[in-house]
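# Structural description and commentary
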Amino acid sequence: MRPVCAKMLVWLMLCSFLSASTQALIDMKERLKDRVVHVETLIHRGRWLWQNDNKDHGGSRYLFIDLIAERNTYYEPRVQFQARACAGGKYLCFEPLSLPHYYLTAGFPTGAPSKYTVKLQYSTYVDNDNRFHWKVMCENDKMEKCKFVPVRFESDGWLMVADNWGNDGGYSGGHYDATLGKDVSKAWFRVHAPNPTDGYREVYSNTNTGTTEQEAEYSTTIGVSQTQTTTHTITNTVSVEIGGAFKAFSASASASIEQTWEASNLFFS
């Protein structure tokens with residue numbers, strides 16, 4: 001009996017592993033198109049995909065994955081990417097707000113045809129060029145765990161990854177690179193696609209320039225601070241023709257109906 005139980009336990013563990021490893025991912029194309037997105041690596045939270053000014057000989061730009069507070073991503077165009085449907089609506093293309101007409105590209109550095117990488121390449125027509133076409137595949141519609149799949153190299157298993165070159169603190173000033181790779185553990189990203197009205201606004205700040213610690217107490221009012229009610233009367237006179245269908249003669253009579261109602265409106269400030 002014990003060997004049978006052991007075999008059954010191994011079988012259940014194997015089934016559980018296969019179920020977890022083959023979880024179907026959801027294509028986020030419809031959710032993301034026409035949105036501005038921010039992309040955060042999951043191997044080091046707080047690092048976001050960032051357009052930098054490094055160029056190759058062909059004029060393409062490259063991408064770091066650098067530290068920036070999430071509250072600041074709303075105001076930094078270098079970490080904001082406009083997602084657009086392309087290839088007849090089949091895929092997504094990504095254009096940084098800081099660099100118009102440059103698009104997220106799966107390709108090779110100039111002069112290095114065997115090095116797969118991610119860069120920003122200039123184009124005015126991306127619709128029929130699969131270098132610019134991407135799938136964003138997520139575990140669920142919260143987009144907390146997603147992969148960026150380059151359509152150009154999808155069949156070969158390449159993914160966009162965050163590479164720190166073996167140093168958790170980054171290299172050469174603390175940078176991570178965005179590149180292509182096959183290490184799935186480096187390929188998970190969080191996609192933050194806020195509503196256009198979302199953001200942070202500073203409403204008050206104060207700096208203690210002295211050497212003594214100071215205590216301060218603040219109060220804020222949220223919501224409606226003042227209301228005003230007005231009432232007005234509208235009078236409308238309507239003429240109604242009453243036919244002579246129920247009269248002995250074909251003459252008609254008319255009557256006036258006066259309607260009066262009140263409308264109350266609330267004004268907020």
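None of the values given here were measured: they were computed from a predicted structure.

Below, the discussion takes up the state of the cysteines. The full count for this structure, using the stated rule, is two disulfides. The disulfide partner of C86 is C93, and the S-S distance across this bridge is 2.2 Å. Taking the sign of the S-S torsion, 95 degrees for the link of C86 and C93, the bridge is right-handed. Taken individually, C86 and C93 each receive the classification buried, so the pair is uniform in this respect. A disulfide bridge connects C138 with C146, and the sulfur atoms are separated by 2.0 Å. Measuring handedness by torsion sign, the sulfur bridge of C138 and C146 sits at about 105 degrees and is right-handed. By sequence order of its bonded cysteines, the chain has the disulfide arrangement 1-2, 3-4.

This part covers the side chain of S60. Mapped onto the secondary structure, S60 falls in the loop between β3 (47-55) and β4 (61-67). Residue classification places S60 among the buried positions, given a relative accessible area of 5%. Residues in contact with S60, not counting those within four places in the same chain, are N54, K55, K119, L120 and Q121.

Attention now goes to the packing of aromatic side chains. Applying the stated criterion across every chain yields a total of nine aromatic pairs. Between F94 and F148 the ring centres are 5.7 Å apart and the planes differ by 55 degrees, which places this aromatic pair in the tilted class. You can see F94 sitting in strand β6 (residues 91-96) and its partner F148 sitting in strand β10 (residues 146-150), a full 54 residues away along the chain. In this structure F94 comes out as buried when scored by relative accessible area, which is 2%. On the basis of an interplanar angle of 85 degrees and a centroid distance of 5.9 Å, the ring pair of F148 and F189 is categorised as edge-to-face. Here the residue F148 occupies a position in strand β10, and F189 occupies one in strand β13 (residues 189-192), the gap between them amounting to 41 residues. Accessibility assignment for this pair places F148 and F189 in one class, buried. Members of the aromatic cluster, each reached through a chain of ring pairs, are F108, Y116, F153 and W158. The ring centre of W188 lies 4.7 Å from the NZ or CZ of K145, which sits over that ring.

Before going further, it helps to examine the pairing of β13. By the alternation rule, side chains of β13 split into F189 and V191 and R190 and H192, which are all buried. Across four bridges, the pairing between strand β2 (residues 36-41) and β13 is antiparallel. Along β13, the bridge assignment pairs V39 with V191.

This next bit is on the environment of Y171. As for its position among the elements, Y171 is in the loop between β11 (159-163) and β12 (177-181). A relative accessible area of 28% means that Y171 is categorised as partly exposed. Among residues more than four places away in sequence, those in contact with Y171 are F64, W165, Y176 and D177. A polar contact is formed between the side chain of Y171 and the side chain of D177, at a distance of 2.6 Å.

With that settled, consider the pattern of salt bridges. Taken as a whole, this structure holds 14 salt bridges when the rule is applied. Between D53 and R78 there is a salt bridge, with its nearest N and O atoms 3.1 Å apart. Here D53 is found in strand β3, whereas its partner R78 is found in the loop between β4 and β5 (81-86), with 25 residues between them in sequence. Residue class for D53 comes out partly exposed when judged on its relative accessible area of 44%. With relative accessibility at 24%, the residue R78 sits in the partly exposed group. Each of E40, R45, E70, E144 and R190 takes part in a single network of salt bridges with overlapping partners.

Attention now moves to unusual backbone geometry. Look at A87: it is not a glycine, yet its phi comes out positive at around 55 degrees. For A87, the location among the structural elements is in the loop between β5 and β6. For A87, a relative accessible area of 15% puts it in the buried group. Here the phi dihedral of S172 falls at roughly 45 degrees; this positive angle occurs in a residue that is not glycine. Summarising the element assignment, S172 is placed in the loop between β11 and β12. On the basis of relative accessible area, S172 is assigned to the exposed category, the value being 60%.

Cut-off values and rules
Residues numbered from 1 in each chain as written. Predicted model: local features only at pLDDT ≥ 70, side-chain atom pairs only at ≥ 80, totals over all residues. Heavy atoms only, no water. Disulfide = S-S within 2.5 Å. Buried < 20%, exposed > 50% of the residue type's maximum accessible area, 1.4 Å probe, protein only. Helix = DSSP H or I, 4+ residues; strand = E, 2+ residues; numbered from the N terminus. Contact = heavy atoms within 4.5 Å. Phe/Tyr/Trp six-rings, centres within 6.5 Å; stacked < 30°, edge-to-face > 60°. Lys NZ or Arg CZ within 6 Å of the ring centre and 35° of its normal. Pairing = 2+ DSSP bridges. Polar contact = N/O pair within 3.5 Å; in protein donor to acceptor, adjacent residues only side chain to side chain. Salt bridge = Lys/Arg side-chain N within 4 Å of Asp/Glu carboxyl O.

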